[in-house]
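Listed here are the chains, written in short residue letters.
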Amino acid sequence: MDAQHDIHPQAPQEPEIQVTTVEEKDTIRKLVSPEGVNVYLVGSAHISFNSVEDAQKTVRVARPHIVFLEVCARRQAILSLPIKRAEPPPNVDMALLMQEFKQRGAVGVMSMVLASTTSTMAETLGIDITPGTEFAAAAQEAKQYGGMLVLGDRDVNVTLLRAWRSMTTWEQLKLLYELLFKDMSGMSSDDVERLKNSDVITEMVTELTEEMPNLVEPLIHERDRYLLYNLRMTCMQLAQAAPKDLPPYANKEKTVVAVVGMGHVSGIVKDWNIPFDKQSWQQDLKRISTIPPGQSWASVILKFVVAPSAIVIGSVVLVRRAIKR
């Protein structure tokens, strides 16, 4: 299917434990597709050991035919990451940012800054975990019995570029400034506990919504629809699949476990039962998968003024943080 990638793990093993009922809770919702496929929707906080355990245990208990992940093909490498962080995240300095900007432009800078911010947040919360390894845990669990993987997220570069180009030049500068200046040293214990049980990416976007409202649509709502469409299509294809084409040691009932950020759960659940018009959905998917053209004058300003200024400012902040430590 378009925008999805099936990965068939090698050497499936006969299960050592029997399939039992998955326990539903705040972070795990059970849905049933119109075709009768059981779907366990696991909401992840991305930097929480609880999320890793939820994903791992749900796959182990449900033994789904398909594990659906909020990952795109470009980010497939995270499925092989260790759950515990092997080493501290690299410091984002001026040289790294300049190199990334030359190679990948605004997308590279945004990717690096977001990754650095997430890692710093995990470190601040005292969580020794590689962000996003709940996806690796689910994939590795599926590999034990030959479960199939579907990577159902929109290409990360499309998402970042649609988000970047939805903002004015001033908003772009403010975004980089806010992310690089993010000071978490003054967080209360209540803030720490809240973030341990929430989707940190959604938290960051929500905080910036008042000043940059255009960010929410490309980063959250569009991806809600993209994930929902791919998940519904996955269920339709699974319902139509012949037994010989399915993992032999999976659940007797056709089942999918979907692991997505908590911030996407409500959007998926809200529209789960709306009529599925494949043609109109595909048209919407095509629209939100298109990178809008950038304005030439804004690109020049961004390339020669805004981005270098943000990089210099951010580098100074990062140096000050290092000195304080």
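As the structure is a prediction and not an experimental result, all values here were calculated from the model. (Residues numbered from 1 in each chain as written. Predicted model: local features only at pLDDT ≥ 70, side-chain atom pairs only at ≥ 80, totals over all residues. Heavy atoms only, no water.)

1. Topic: the overall build of the protein
Inference 1: Within the protein, the regular secondary structure consists of 11 helices and 6 strands.
Inference 2: Taken across its 325 residues, the protein has 51% of its residues classed as buried.
Inference 3: Counted over contacts in the protein with a minimum sequence separation of 6, partners at least 24 positions apart contribute 86%. (Helix = DSSP H or I, 4+ residues; strand = E, 2+ residues; numbered from the N terminus. Buried < 20%, exposed > 50% of the residue type's maximum accessible area, 1.4 Å probe, protein only. Contact = heavy atoms within 4.5 Å.)

2. Brief notes about the pairing of strand 2 (residues 28-32)
Inference 1: In terms of strand pairing, strand 2 meets strand 3 (residues 38-44) through 5 bridges, oriented antiparallel. Looking across to strand 3, one finds that Arg29 is bridged to Leu41.
Inference 2: Hairpin connection of strand 2 to strand 3: 5 residues between the antiparallel strands, including Gly36 at a positive phi of 95°. (Pairing = 2+ DSSP bridges.)

3. Describing the nonpolar core
Inference 1: Formed by 28 residues in total, the largest nonpolar core has its most connected members in Val39, Leu41, Phe68, Leu231, Val256, Ile268 and Trp272.
Inference 2: Looking at this core, the element that brings in the most residues is helix 8 (residues 216-240), giving 9 residues.
Inference 3: Membership of the second largest hydrophobic core comes to 23 residues, among which are Tyr40, Ala62, Tyr145 and Val257. (Core = buried A, V, L, I, M, F, W, Y, C linked by side-chain atoms within 4.5 Å.)

4. Description of the packing of aromatic side chains
Inference 1: According to the stated counting rule, one finds 3 aromatic pairs in the structure shown.
Inference 2: With a centroid separation of 6.0 Å and an interplanar angle of 45°, the aromatic rings of Tyr229 and Trp281 are classed as tilted. Separated by 52 residues along the polypeptide, Tyr229 in helix 8 and Trp281 in helix 10 (residues 278-288) bring together distant segments of the chain.
Inference 3: Classification of Tyr229 by relative accessible area gives buried; the value is 4%.
Inference 4: Through a chain of ring-to-ring contacts, three or more aromatic side chains come together here, namely Tyr229, Phe276 and Trp281.
Inference 5: Sitting over the face of the ring of Trp272, Arg232 holds its NZ or CZ atom 5.7 Å from the ring centroid. (Phe/Tyr/Trp six-rings, centres within 6.5 Å; stacked < 30°, edge-to-face > 60°. Lys NZ or Arg CZ within 6 Å of the ring centre and 35° of its normal.)

5. Side note on the environment of Pro248
Inference 1: The residue Pro248 is located in the loop between helix 8 and strand 6 (255-261) in this model.
Inference 2: For Pro248, a relative accessible area of 62% puts it in the exposed group.

6. A short note on the pairing of strand 6
Consecutive residues of a regular strand have side chains that alternate between opposite faces of the sheet.
Inference 1: Burial within strand 6 is extensive, with 7 of its 7 residues counted as buried.
Inference 2: Direction of pairing for strand 3 relative to strand 6: parallel, over a ladder of 7 bridges. Within strand 6, the position partnered with Tyr40 by the bridge is Val257.
Inference 3: Note: strand 4 (residues 66-69) against strand 6, 4 bridges, orientation parallel. Residue pairing in the sheet places Ile66 in a bridge with Val256 of strand 6.

7. Some points on the confidence of the model for the protein
Inference 1: In this model, the protein carries an average pLDDT of 75, and 58% of its residues clear a pLDDT of 70 or more.
Inference 2: The lowest-confidence element of the protein is helix 11 (residues 296-324), averaging 46 in pLDDT; the highest-confidence one is strand 4, averaging 98.
Inference 3: The model gives residues 13-19 a pLDDT under 50, and that stretch makes 13 contacts with residues more than four places away or in other chains.
Inference 4: pLDDT under 50 marks residues 300-306. Its contacts with residues more than four places away, or in other chains, come to 13 contacts. (pLDDT = per-residue confidence, 0-100.)

8. Remarks on the side chain of Ser44
Inference 1: Within the secondary structure, Ser44 is located in strand 3.
Inference 2: Among the residues examined, Ser44 registers a relative accessible area of 1% and is labelled buried.
Inference 3: Within polar-contact distance, the side chain of Ser44 engages the side chain of Glu134 at 2.7 Å. (Polar contact = N/O pair within 3.5 Å; in protein donor to acceptor, adjacent residues only side chain to side chain.)

9. Examining the pattern of salt bridges
Inference 1: For the coordinates displayed, the defined rule picks out 11 salt bridges.
Inference 2: Its salt-bridge partner being Glu222, residue Arg154 comes within 2.7 Å of it at the nearest N-O pair. Highlighted residues: Arg154 in the loop between strand 5 (148-151) and helix 4 (156-165) and Glu222 in helix 8, separated in sequence by 68 residues. The same class applies to Arg154 and to Glu222, which are both buried.
Inference 3: For Asp284, the salt bridge is made with Arg225, and the minimal N-O distance between the two is 2.8 Å. One end of the pair, Asp284, is in helix 10; the other, Arg225, is in helix 8, with 59 residues separating them in the sequence.
Inference 4: Of the residues examined, Arg225 reaches a relative accessible area of 25% and is grouped as partly exposed. (Salt bridge = Lys/Arg side-chain N within 4 Å of Asp/Glu carboxyl O.)

10. A word on unusual backbone geometry
Inference 1: Positive phi outside glycine occurs at Arg63, with the angle close to 45°.
Inference 2: Its place among the elements puts Arg63 in the loop between helix 1 (49-62) and strand 4.
Inference 3: For Arg63, a relative accessible area of 7% gives the class buried.

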